[in-house]
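Listed here are the chains, written in short residue letters.
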Amino acid sequence: MEFGPCTKSDRLTDALDRATALMVAASSEALRLVALHDEQKLWERGGATSMTSWLAARYGLAWGTAREWVRVAHALRDLPKIFEAYAQGRLSWDQLRPLTRFANPETDGYWAERAPELRPQTLYREAARHERMQRQNAERVHRMRSLSMWWDPELPVLYLEGMLPAEQGAALQTALERRAEQVVLADQPDSPQEARLADALVELVTGSEGGASPVPTLLVHAGAEILAGHEPAEGPWLSETESGQRLCTDAIRRLACDARIEWVLHSGSRMVGIGRRGRTVPGTIARLLRYRDGGCRFPGCERRQWVKAHHIVHWGDGGGTDLDNLVLLCHAHHRLIHEGGWSISGHPTEDLRFHDPGGRALRAARLSNLERLTA
């Protein structure tokens, strides 16, 4: 396929690519020096008590940022392949941070090749799956739950502030977001999305007890071995809410006592869908699709709300209503596909591509193995 001469926008993009490559190369060298500096305790010469505090003072970094520099720098000493991928610009900083939380010398080569194709969000979820939620931590967080309310002394405004443990927070978030999708705004608030959530909270709290609104469903993904009390000693562990919030395995089993368990059949690593029997995506597949994709799959889009299921091959053209033929798109990118001349090709979990009207392809980030197997 031939394209016209290089445009000014192309030159600007090339210049930004070069600048970003230089920035990443400098960052990788800085991380190498941070580890060496810390090993030799050179920060003591400046009167600091740690490498973190020395970095924060010398370079004006936030303490949390400095601590992350030190953590990542030391982790990379045992991950030469991943370090090389970062130095070459194949990994971004936002991909590197979660990756260094769970990769080890045995998996270094695998993740150095695999991680550049994954979104930071996917890698953070993978990192969380390798962190076991201990019962004592879950109990401590549960004891910390709180909700405060106070009125503004001058304005007719009630303020809310609170903290909920994972299972309660996930249930509230699910209920509010589902209800917010049904809210119709009669005015023009400063923040429409936050206004919808506020209206949804009021509707849920003040709604009638006659069952006008369905009871919200907390969707939990857990391996069968966890329900049976035989969880493996090493991760990753599948025990999380639809949004990726980690849950203690004891909480999973407690919820299962009173919950309706929805079994999902798989053919190999792929879920069996409904094929050509219907165009509308049923609830079971819609929930798994939302869990698998997390949000809009268009490259670089991080919208997680107001997303819709889209058939890659249109149902009218013979496409089935199966996960292999469905992706989540936000309203803007859904319209881009239907009305903007864009198209989609490939497989949603393997090599998903978005083509502009000229045919040029943008590759969507791939999903992790665990997301593919559980969706």
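The structure displayed is predicted, hence computed values, not measured ones.

### Some points on the nonpolar core
No. 1: Grouped together as the largest cluster of nonpolar side chains are 30 residues, with contacts concentrated most on Ile82, Leu99 and Trp111.
No. 2: Listing elements by their share of this core, those giving two or more residues are helix H1 (8-39), helix H2 (51-59), helix H3 (63-76), helix H4 (80-87), helix H5 (93-99), helix H6 (108-114) and helix H7 (120-129).
No. 3: If you tally residues by element for this core, the top one is H3, at 5 residues.
No. 4: For isoleucine 82, the contacting residues outside a window of four places in its chain are Leu76, Leu91, Leu96, Leu99, Ala103, Asp108, Trp111 and Ala112.
No. 5: With 21 residues, the next largest nonpolar core counts Cys301, Leu323, Leu328 and Leu352 among its residues.

### Some points on the sheet that holds strand E10 (residues 353-355)
No. 1: The strand order E9-E10-E11 describes an open sheet built from 3 strands, whose pairing is antiparallel. Two strands close off the open sheet at either side, each with one partner strand: strand E9 (343-345) and strand E11 (361-363). Neighbour-to-neighbour, the strand axes of the sheet open up by a mean angle of 30 degrees, direction not taken into account.
No. 2: Looking at chain direction, E10 and E11 are connected through 3 bridges and run antiparallel. Along E11, the bridge assignment pairs histidine 355 with alanine 361.

### Description of the confidence of the model for the protein chain
No. 1: With 79% of its residues at a pLDDT of 70 or more, the protein chain has an overall mean of 80.
No. 2: Mean pLDDT values over the elements of the protein chain span from 44, in strand E5 (residues 266-267), up to 95, in H4.
No. 3: Below pLDDT 50 for its whole length, residues 208-213 participates in 1 contact with residues either more than four positions away or in separate chains.
No. 4: Taken as a whole, residues 265-272 scores under 50 in pLDDT and shows 18 contacts with residues more than four places along the chain or in a different chain.

### Here's the deal with helix H14 (residues 331-339)
Helical geometry note: an α-helix holds 3.6 residues per turn, so side chains three or four residues apart project in the same direction.
No. 1: Among the residues of H14, His333, His334 and Ile337 are the ones counted as buried. In an axial view of H14, the angular spread of the buried residues amounts to 105 degrees, which keeps them on one side of the axis. The exposed set on the far side of H14, more than 90 degrees from its buried face, consists of His331, Arg335 and Glu339.
No. 2: For H14, the elements touching its buried residues are strand E7 (307-311), strand E8 (326-330), E9 and E10.
No. 3: Positioned one or two residues after H14, glycine 341 has a phi angle of 85 degrees, which is positive.

### Points about the pattern of salt bridges
No. 1: Summed over the entire model, instances satisfying the criterion amount to 12 salt bridges.
No. 2: In this structure, aspartate 293 engages arginine 292 in a salt bridge whose closest nitrogen and oxygen atoms are separated by 2.7 Å.
No. 3: Taking the relative accessible area as the measure of exposure, aspartate 293 reaches 0% and is therefore buried.
No. 4: With a shortest N-O distance of 3.1 Å, arginine 297 and aspartate 293 are connected by a salt bridge. Aspartate 293 shares its class with arginine 297; the two are buried.
No. 5: A single network of salt bridges, built from pairs that share partners, joins Glu68, Arg71, Arg97 and Arg101.

Conventions we followed
- Residues numbered from 1 in each chain as written.
- Predicted model: local features only at pLDDT ≥ 70, side-chain atom pairs only at ≥ 80, totals over all residues.
- Heavy atoms only, no water.
- Core = buried A, V, L, I, M, F, W, Y, C linked by side-chain atoms within 4.5 Å.
- Buried < 20%, exposed > 50% of the residue type's maximum accessible area, 1.4 Å probe, protein only.
- Helix = DSSP H or I, 4+ residues; strand = E, 2+ residues; numbered from the N terminus.
- Contact = heavy atoms within 4.5 Å.
- Pairing = 2+ DSSP bridges.
- Axes fitted to C-alpha atoms, helices over the stretch in contact; angles between N-to-C directions.
- pLDDT = per-residue confidence, 0-100.
- Arc of directions from axis to C-beta.
- Salt bridge = Lys/Arg side-chain N within 4 Å of Asp/Glu carboxyl O.

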